[in-house]
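What follows is the residue order along each chain.
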Amino acid sequence: MQSPTPRVPRRPVATRAEIEAGVTAELASVIAAARRRALRDGDRQLDTAHLLHSLIESDPHVRSDLGPGPQVARVLGYLVQRSIGYGLRWQGSVEDSGAMPVIREADVELSGWSPSVVAAMEGALERAQRRGAPLASGVDLLACLAADPESRAVEVLRRAGVDVARLAGRMAHPSRHASRG
């Protein structure tokens, strides 16, 4: 007898250790800073806006890809406002843009990361592989954050006036950023 609901194959989820082993030291530092920011802000999970904030603060290549200084300043302005008003509606909720299947509650390895963060991190690892790099960099992560139109990072970028479709289009070709890895 055939099941009335077709089973959709589940994409394997990397463990946090696998993800963290596949990133540059600089990107590992960004992830740690983003996690500290999430805890300081009282958020249950690390989300894509936390990652974006830490990326912009730490990675000059990411700032360059976002555009001229005033645009970066506007993005940082929205991110700073997150803890004092803007973004408070996100507190207590899980960021899930649908970029990947919902993580099982029993998956302790990735607890504390939103499903959108897991998808972005896995995408960054895949992007680095496509460009022939042994480790994912901040630019790889930015490309994956920009490619998820429903993520909190993209919401912040849009509100700050970044043409996210254009950014994602520029970032879609990993070889263009091969020297930055």
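Here the structure is shown first, and the text comes after it.
Because the structure is a prediction, the values reported are computed rather than measured.

Definitions and limits used
Residues numbered from 1 in each chain as written. Predicted model: local features only at pLDDT ≥ 70, side-chain atom pairs only at ≥ 80, totals over all residues. Heavy atoms only, no water. Helix = DSSP H or I, 4+ residues; strand = E, 2+ residues; numbered from the N terminus. Expected span 1.5 Å × (residues − 1). Buried < 20%, exposed > 50% of the residue type's maximum accessible area, 1.4 Å probe, protein only. Salt bridge = Lys/Arg side-chain N within 4 Å of Asp/Glu carboxyl O. Contact = heavy atoms within 4.5 Å. Core = buried A, V, L, I, M, F, W, Y, C linked by side-chain atoms within 4.5 Å. Polar contact = N/O pair within 3.5 Å; in protein donor to acceptor, adjacent residues only side chain to side chain. Axes fitted to C-alpha atoms, helices over the stretch in contact; angles between N-to-C directions. Parallel < 35°, antiparallel > 145°, perpendicular 65-115°, else oblique. Left-handed = near helix turned anticlockwise from the far one by under 90°. Nonpolar A, V, L, I, M, F, W, Y, C, P; charged D, E, K, R; others polar.

(A) Focus on helix H6 (residues 115–130). The end-to-end C-alpha separation of H6 is 23 Å, in line with the 22 Å expected for 16 residues at 1.5 Å each. The element H6 is extensively covered by neighbouring structure, given that 13 of its 16 residues are classed as buried. Among the residues trailing H6, Gly132 stands out with phi positive, at a value near 80°.

(B) Summary view of the pattern of salt bridges. Counted under the stated rule, the structure contains five salt bridges. Between Arg37 and Glu57 there is a salt bridge; the shortest N-O distance is 3.0 Å. One end of the pair, Arg37, is in helix H2 (residues 25–41); the other, Glu57, is in helix H3 (residues 48–58), and 20 residues separate them in sequence. Here Asp140 makes a salt bridge to Arg131, at a shortest N to O gap of 2.8 Å. Neither Asp140 nor Arg131 differs from the other in exposure class; each is buried.

(C) Structural view of the environment of Leu157. Note on placement: Leu157 falls in helix H8 (residues 152–159). Note: C-alpha distance between Leu157 and Ala49 (108 residues apart in sequence) is 9.3 Å. Apart from residues no more than four positions distant in its own chain, Leu157 is found in contact with Leu52, Leu66, Val75, Val162, Val164 and Leu167.

(D) Just the nonpolar core, in detail. Leu27, Leu51, Leu52, Val75, Met121 and Leu141 are the most contacted members of the largest nonpolar core, which has 44 residues in total. When residues of this core are traced back to their parent elements, those giving at least two are H2, H3, helix H4 (60–66), helix H5 (69–81), H6, helix H7 (138–146), H8 and helix H9 (164–171). In this structure Leu141 touches Leu27, Leu51, Leu55, Ala120, Met121 and Ala124, once residues within four positions along its chain are discounted.

(E) Representation of the side chain of His53 within the structure. Along the chain, His53 falls in helix H3. Within polar-contact distance, the side chain of His53 engages the side chain of Arg37 at 3.3 Å. Beyond its immediate stretch of four places on either side in the chain, His53 contacts Arg37, Leu76, Leu79 and Val80.

(F) Here's a closer look at the packing of H6 against H7. At their nearest, the axes of H6 and H7 sit 8 Å apart, and the two run at 125° to each other. The orientation of H6 with respect to H7, classified from their angle, is oblique. Our pair here, H6 against H7, has a crossing hand that is right-handed. Counted together, Ala120, Met121, Gly123, Ala124, Arg127 and Ala128 of H6 and Val139, Asp140, Leu141, Ala143, Cys144 and Leu145 of H7 form the full contact between these two elements. Per-class residue counts for the contact of H6 with H7 are nine nonpolar, one polar and two charged.

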